[in-house]
Amino acid sequence: MATRTYTISELAREFDITTRTIRFYEEKGLLTPTRKGQQRRYSAADRVRLNLILRGKRIGLSLEESREIIAMYDPDHGN
């Protein structure tokens, strides 16, 4: 079974943000897409990280605070 991936456009549309915003988070090391040719492919974990970043932003967290929360995210061990 293939693992679901997302394009930058799909994530931008889903979260109502610009692709530039997603690339900014990627530049900061918060998202780590794979490449398929020139296309970025984001994993389900990247999608969750993006959701956490945006939630943190809405409640006033800095990117560094969001980074700390994301570091605690470990779906392989039940959290």
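Look up a bit, the structure's there.
Residues numbered from 1 in each chain as written. Predicted model: local features only at pLDDT ≥ 70, side-chain atom pairs only at ≥ 80, totals over all residues. Heavy atoms only, no water.

Participant: Tell me about the overall build of the protein, and name the residues and values.
Facilitator: Along the backbone of the protein there are 4 helices and 3 strands. Traced from its N-terminal end to its C-terminal end, the protein shows the element sequence β-α-α-β-β-α-α. Residue burial in the protein is summarised as follows: out of 79 residues, 29% are buried. Residue pairs in contact within the protein that sit at least 24 positions apart in sequence constitute 49% of those at least 6 positions apart. For the protein, the computed accessible surface area is about 5,500 Å², with 50% contributed by carbon and sulfur atoms. (Helix = DSSP H or I, 4+ residues; strand = E, 2+ residues; numbered from the N terminus. Buried < 20%, exposed > 50% of the residue type's maximum accessible area, 1.4 Å probe, protein only. Contact = heavy atoms within 4.5 Å. Areas by Shrake-Rupley, 256 points an atom, 1.4 Å probe, with all protein chains shown as cover.)

Participant: Tell me about the sheet that holds strand 2 (residues 34-36), and please be specific about residues and values.
Facilitator: Spatial strand order, 1-3-2: 3 strands in an open sheet with antiparallel pairing. Pairing within the sheet leaves two strands with one partner each, and these edge strands are strand 1 (5-6) and strand 2. Pairing geometry for strand 2 and strand 3 (residues 39-43), over 3 bridges, is antiparallel. By the bridge assignment for strand 3, Arg 35 is matched with Arg 40. Packed onto the sheet, helix 3 (residues 44-58) meets strand 1 and strand 3 and runs at close to 80 degrees relative to strand 3. (Pairing = 2+ DSSP bridges. Axes fitted to C-alpha atoms, helices over the stretch in contact; angles between N-to-C directions.)

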